[in-house]
Amino acid sequence: MTDTKPLNFKPEPGVGFTAERRSDGGMTLVFKDIDSNTLGHWRDFAEEHLLGSDRLVRNLYDLRQVGHISERAIRIAVELNSDPSTRNIRLAVVVKDPALQESIQKIADLTPAGGARMKVFTDLEEAETWLNRPMESMV
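Residues numbered from 1 in each chain as written. Predicted model: local features only at pLDDT ≥ 70, side-chain atom pairs only at ≥ 80, totals over all residues. Heavy atoms only, no water.

Asks: How should I be thinking about the layout of surface pockets in this particular structure?
Replies: Over the atoms rolls a probe the size of a water molecule, and in doing so it shows where empty space is left. Approximately 160 Å³ is the volume found for the second largest pocket. If one sorts the elements of the lining of the second largest pocket by residue count, helix 1 (residues 36-50) sits on top with 4 residues. Across the lining of the second largest pocket, the residue classes tally to 4 nonpolar, 2 polar and 4 charged. (1 Å grid on protein atoms, 1.4 Å probe; cavity = no way out; pocket = protein on both sides within 12 Å on 5 of 7 lines; lining within 4 Å. Points joined across faces, edges and corners; volume = space filled by probe spheres on them. Helix = DSSP H or I, 4+ residues; strand = E, 2+ residues; numbered from the N terminus. Nonpolar A, V, L, I, M, F, W, Y, C, P; charged D, E, K, R; others polar.)

Written as structure tokens, this is what we have:
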């Protein structure tokens, strides 16, 4: 892809996620934990990427290594997902079990209309299949 927005991610010690650019122009974020330090870095990273968001992107959040999602993490995610720029995002979130699936579903349920088109999975292949569907079929 020639006109891809820079990722602007540098791994830092103590930050529990990594980010890489997907071949379709979106991002894959892999979380190991969601502690306070990680939440702060993720919030800053996400806010930076929402600035000037002007095209449809497919993002994958892999949370299969995360054991718990705090209410604070849910609040921050709802706040970020309420930004009008998220309307351009198709987001597949992969978790390890149904309990975490319910936590992530809270984000979608609490977000006002117009946020990212989000779906939660427990299987990575199913998430990728959903992301790779034509954007028109996700409406």
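Still to come is the rest of the account.
Asks: Sorry if this is basic, but what is going on with the nonpolar core here?
Replies: A general trend in soluble globular proteins is that nonpolar side chains are found buried together. Residues Phe 17, Leu 29, Phe 31, Trp 42, Leu 63, Ile 69 and Ile 104 are the most contacted members of the largest nonpolar core, which totals 35 residues. Going through the elements one at a time, strand 1 (17-21), strand 2 (27-31), helix 1, strand 3 (57-62), helix 2 (71-81), strand 4 (89-94), helix 3 (98-110) and strand 5 (117-121) are the ones with two or more residues in this core. In terms of residue count, helix 2 provides more of this core than any other element does, 6 residues in total. In this view, Phe 31 contacts Gly 16, Phe 17, Thr 38, Trp 42, Tyr 61, Asp 62, Leu 63, Gln 65 and Val 66; residues no more than four positions away in its chain are not counted. Val 94, Phe 121, Ala 127 and Trp 130 belong to the second-largest nonpolar core, a separate cluster that totals 7 residues. (Core = buried A, V, L, I, M, F, W, Y, C linked by side-chain atoms within 4.5 Å. Buried < 20%, exposed > 50% of the residue type's maximum accessible area, 1.4 Å probe, protein only. Contact = heavy atoms within 4.5 Å.)

Asks: Sorry, what's going on with the packing of aromatic side chains here?
Replies: Two descriptors summarise a pair of aromatic rings, namely the distance from one centre to the other and the angle between the planes of the rings. Across all of its chains, the model carries 8 aromatic pairs by this definition. With 5.8 Å between their ring centres and 50° between their planes, Phe 121 and Trp 130 make a pair best called tilted. Here Phe 121 falls in the buried class, since its relative accessible area comes to 6%. With relative accessibility at 4%, the residue Trp 130 sits in the buried group. Through a chain of ring-to-ring contacts, the aromatic side chains of Phe 9, Phe 17, Phe 31, Trp 42, Phe 45 and Tyr 61 assemble into a single cluster. (Phe/Tyr/Trp six-rings, centres within 6.5 Å; stacked < 30°, edge-to-face > 60°.)

Asks: Explain the pairing of strand 5 to me, please; I cannot follow it from the model alone.
Replies: Where strand 4 lies against strand 5, 5 bridges are found, and the strand directions are parallel. Considered in strand 5, the bridge of Ala 92 is made with Lys 119. (Pairing = 2+ DSSP bridges.)

Asks: Is there a simple way to explain helix 3 in this structure?
Replies: Quick reminder: α-helices carry 3.6 residues per turn. Residues three or four places apart thus point the same way. Helix length check: helix 3, at 13 residues, gives a terminal C-alpha distance of 18 Å against a target of 18 Å (1.5 Å per residue), a fit within 8%. Looking at the packing, one finds that the buried side of helix 3 touches helix 2, strand 4 and strand 5. Measuring from the backbone nitrogen of Ala 99 back to the side-chain oxygen at the start of helix 3 gives 3.1 Å, which picks out Asp 97 as the cap. (Expected span 1.5 Å × (residues − 1). Polar contact = N/O pair within 3.5 Å; in protein donor to acceptor, adjacent residues only side chain to side chain.)

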